[in-house]
Amino acid sequence: MIKNEVNYDKFLLGLFSDFIKEVRDFQKSDLLKICYFISLLELCKFDEFQEELNKLQDDLEKRLLHFNLKLYIFNFIPSLYYLKFAQHEKNDYFEEFLSLCKDIVHFFNKIPDEPFCDFLRLNAYCLLFYNVPSFLTLKKLYAFDQECSSYLSLKKDLLKDVQEIADKYLDKKEDHDEMAIWKSLIFYLIGTVYSSLDLESKALQYYEKSLFYKVNIFALEAIIDIKAENEDTLDEAKSYLFSVQDKFKKEIEKTEYWTFFNTIGAMIYESENKKKAEEYYIKDIKIIECNRYKTINASYSYYNLALLKRDLKEYDLARKYLLEAYEILQNATGVKLEDKDFDNVIYFLDDFQDYLYGCCNIDLLKGNVSEDSDIKKSLNLLWNIVDIIDRNNFKDERASLRYDLALLESKYYNLKKNYEKAREVIESCLTTEENYLSNKQKSDLKSRLAYFYYKLEDTEKYIENITKALELDPNNETALKLIAQACIPKESKRFLGKEHWREIIPIGVVTLIFLGGIYFLGKVSYLEDFQLLIILITIPFIIVLLYPLINKIRLSHFEIELQSPEVPRKLSKKLEI
């Protein structure tokens, strides 16, 4: 079969299995090799990828494709990377990253100036930049600087290289259809490099160029992802989708580029069409279930479906999908929180936290707060993360996690009506993390602390904390609700306590004098005629006597809704194609 009979649209629209079957026995051009191997990657067929790699005759092609395979698995299935490619005995994720940074300079230094090499070079840059934010966040670039002659210098060199490739392909003429496909794929990758560095406007320019040369699901999803995040451009995102669906509806519905369905589900969810969003998430998961290996990103689809089920109040299903997401994440990263020995958890911190927060929130919504409940297990795992972070001396990250834990645990104890324990949780966090919490976080905790002091009938502490909460954040929602709804007595007295007796005695004496006066005026014989008068005289005394008890009942019935940590939806950040 000759080259121009290859149906590249099947690859460009994500019909990877059909494409592989169709071209498996073809004599492969450079473009066909790229599309073939990337299709295997997208389907997580790593063993077959390696088998096909071994059949190649060209040593440079083998090395470049193998390096891209390593980078892909490093980013999305670190546990498999440790088994197949690890260069350090302790499976240190950061040290492996540093080694790959060195390798990228070595592998792409003085390689041929041709589309095959340009594509693999750009794909490697995308995969490299994918992980940099997590290391930046954890302030470990001091090691990166020492090992790689400064990250900023490396980044500058790579971006210069990216721009040179962009300029080269902008000037190239499409003298054949394959060059249009090369341009489409290469401009997509250039856009993805810029997107990974938060240069969204520049990324959009190249994604649109990619779609201009050839309609492809990769650039389409990337554009929708960016535009759907902003309400002002949400309609533009939909128009991009509809314009492609009109022409390729059948292919789009069958695509195996599963991250596309996750992105569309998120966009539709924003339009409040939850049932339609659910259909896309389920399509996404059906594709993932066919893969032998499941990536970190695969867990996002289960997680997003869990949040949707939560919003639909289908709590049991929500928890089921959250646990599946958590299991996929554990297997892909090789991190087992129960062991406490996996320092690599810090590089996947957001995902582990969000999944455990989600489980806790479901249990709280269900009111599942017994001592042997699942929420206790989730909270214990979150405390294991605190221990790991603390051991690594990441104080800002520890404070953020302890803040979220304080919100969860205080809500848990509030449901159990154990207000004293809830107070202890909040005060412990405020005391331990005082220097690392933001003013907004402190305000949130102070307002919640005020609520628990209110429930404990300590008016003085309530006023002190509610005042401080509003000083830190005048717009604090919980504090404003407390002020609007709470009915605070001027004084808080214990029944028959000293303060209470000081009021009882004077009014009791006055009441006795009045009753005695009635008696000594000789009206006793006509007592029935004066019953109303006697009742009216004794009412003030009864009110003063019972007021602390009445107030206690009133306080105990006052409730406000305590918020849990926010758990946002996740988009699959697939920085490769």
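Residues numbered from 1 in each chain as written. Predicted model: local features only at pLDDT ≥ 70, side-chain atom pairs only at ≥ 80, totals over all residues. Heavy atoms only, no water.

Scanning the protein from N- to C-terminus turns up 27 helices and zero strands. Buried positions account for 55% of the 577 residues belonging to the protein. (Helix = DSSP H or I, 4+ residues; strand = E, 2+ residues; numbered from the N terminus. Buried < 20%, exposed > 50% of the residue type's maximum accessible area, 1.4 Å probe, protein only.)

So, on to the packing of helix α3 (residues 30-42) against helix α11 (residues 177-196). Where α3 meets α11, the closest approach of the two axes is 10 Å, and the angle between their N-to-C directions is 40°. Judged by the angle between their axes, α3 and α11 are oblique. Both α3 and α11 take part in a crossing whose hand is left-handed. Only E178, I181, W182 and L185 of α11 make contact with α3, whose side of the interface consists of D30, L31, I34 and C35. Residues belonging to the contact of α3 with α11 are distributed by class as follows: six nonpolar, no polar and two charged. (Axes fitted to C-alpha atoms, helices over the stretch in contact; angles between N-to-C directions. Parallel < 35°, antiparallel > 145°, perpendicular 65-115°, else oblique. Left-handed = near helix turned anticlockwise from the far one by under 90°. Contact = heavy atoms within 4.5 Å. Nonpolar A, V, L, I, M, F, W, Y, C, P; charged D, E, K, R; others polar.)

For the rest of this paragraph, the subject is the environment of L382. On the secondary structure map, L382 appears in helix α20 (residues 374-391). Residue L382 is classed as buried on the basis of its relative accessible area, which comes to 0%. With near-sequence residues (within four places) excluded, L382 lies in contact with Q353, L356, Y357, C360, L401, L405 and L408.

Quick look at the nonpolar core now. Among the nonpolar cores identified, the biggest contains 188 residues, and F46 and I190 are the most heavily contacted of them. With 12 residues, the top contributor of residues to this core is helix α8 (residues 115-137). Not counting residues up to four positions away in its chain, the partners in contact with F46 are L41, L69, Y72, I73, I77, L80 and Y293. (Core = buried A, V, L, I, M, F, W, Y, C linked by side-chain atoms within 4.5 Å.)

On to the confidence of the model for the protein, then. A residue-level look at the protein finds 80% of positions with pLDDT of 70 or above and a mean pLDDT of 83. Long-range and interchain partners of residues 553-557, a stretch whose pLDDT sits below 50, account for nine contacts in this model, where long-range means more than four residues apart. In this model residues 573-577 is a low-confidence stretch, pLDDT under 50, and it forms 32 contacts with partners more than four residues away in sequence or in other chains. (pLDDT = per-residue confidence, 0-100.)

Okay, the packing of aromatic side chains next. Counted by the stated rule, this structure contains 32 aromatic pairs. Three or more aromatic residues link up through ring pairs in this structure, and these residues are Y8, F11, F16, F19, Y188, Y207, F218 and Y257. Over the ring of Y36 we find K28; its NZ or CZ atom is 4.7 Å from the centre of that ring. The ring of Y321 has K320 sitting right over it, with the charged end atom 4.4 Å from the ring centre. (Phe/Tyr/Trp six-rings, centres within 6.5 Å; stacked < 30°, edge-to-face > 60°. Lys NZ or Arg CZ within 6 Å of the ring centre and 35° of its normal.)

Inspection of every chain in the model, using the stated rule, returns 32 salt bridges. Here K214 and D177 are joined by a salt bridge, their closest N and O atoms 3.4 Å apart. Taken together, the residues K214 in the loop between α12 (200-213) and α13 (217-228) and D177 in helix α11 connect sequence positions 37 residues apart. A salt bridge links E236 to K227; the nearest nitrogen and oxygen atoms lie 2.8 Å apart. E236 sits in the partly exposed class, given a relative accessible area of 36%. Through salt bridges with shared partners, a single network forms among K275, E278, K309 and E314. (Salt bridge = Lys/Arg side-chain N within 4 Å of Asp/Glu carboxyl O.)

Under the counting rule described, the total for this entry stands at zero disulfides. The closest cysteine sulfur to the non-disulfide-bonded C359 is located on C360, 7.0 Å from its own sulfur. (Disulfide = S-S within 2.5 Å.)

Moving on: helix α14 (residues 234-254). For α14, built from 21 residues, the straight-helix expectation of 30 Å at 1.5 Å per residue is missed by more than 12%, its first-to-last C-alpha distance being only 24 Å. Looking only at α14, the buried set comprises L234, A237, L241, V244, Q245, F248 and I252. (Expected span 1.5 Å × (residues − 1).)

What follows deals with helix α16 (residues 274-289). With 16 residues, α16 ought to run about 22 Å at 1.5 Å a step, and its terminal C-alpha atoms sit 22 Å apart, in line with that. Three or more residues of α16 are buried, namely K274, A277, E278, Y280, Y281, D284, I285, I287 and I288.

So, on to the side chain of E96. With respect to the secondary-structure elements, E96 resides in helix α7 (residues 93-107). No salt bridge is formed by the buried E96, whose closest oppositely charged neighbour, K70, lies at an N-O distance of 7.0 Å. In this structure the side chain of E96 is engaged in a polar contact, spanning 2.9 Å, whose partner is the backbone nitrogen of Q87. (Lys, Arg positive; Asp, Glu negative; His and termini not counted. Polar contact = N/O pair within 3.5 Å; in protein donor to acceptor, adjacent residues only side chain to side chain.)

On the surface, I505, V509 and I513 cluster together to form a nonpolar patch covering roughly 280 Å² of accessible area. Within the secondary structure layout, I513 lies in helix α26 (residues 498-523). (Patch = residues over 30% accessible without salt bridge, like charges linked within 9 Å, V, L, I, M, F, W, Y side chains within 5 Å. Areas by Shrake-Rupley, 256 points an atom, 1.4 Å probe, with all protein chains shown as cover.)

Backbone phi values are negative for most residues with the exception of glycine, while trans is the configuration of most peptide bonds. Look at D198: it is not a glycine, yet its phi comes out positive at around 65°. Examined against the element boundaries, D198 turns out to sit in the loop between α11 and α12. Backbone geometry places K417, a non-glycine residue, at a positive phi of 60°. With respect to the secondary-structure elements, K417 resides in the loop between α21 (395-415) and α22 (419-432). With relative accessibility at 56%, the residue K417 sits in the exposed group.

With that settled, consider the packing of α21 against α22. With their axes 8 Å apart at the nearest point, α21 and α22 run at an angle of 170° to one another. The angle between α21 and α22 places the two elements in the roughly antiparallel class. Residues R398, R402, Y403, A406, E409, S410, Y413 and N414 of α21 form the contact with α22, whose participating residues are Y419, K421, A422, V425, I426, S428, C429 and T432. Tallied by class, residues from the contact of α21 with α22 come to eight nonpolar, four polar and four charged.

Considering the arrangement of structural elements, one finds L401 in helix α21. Along the primary structure L401 and I385 are separated by 16 residues, whereas in three dimensions their C-alpha atoms are 8.5 Å apart. Discounting residues that sit within four places of it in the chain, L401 has contacts with Q353, Y357, L382, I385, V386 and I389.

The next point concerns the environment of E424. Its location among the elements puts E424 in helix α22. With a relative accessible area of 35%, E424 lands in the partly exposed category. In sequence terms E424 and A406 are 18 residues apart; their C-alpha atoms lie 9.6 Å from each other.

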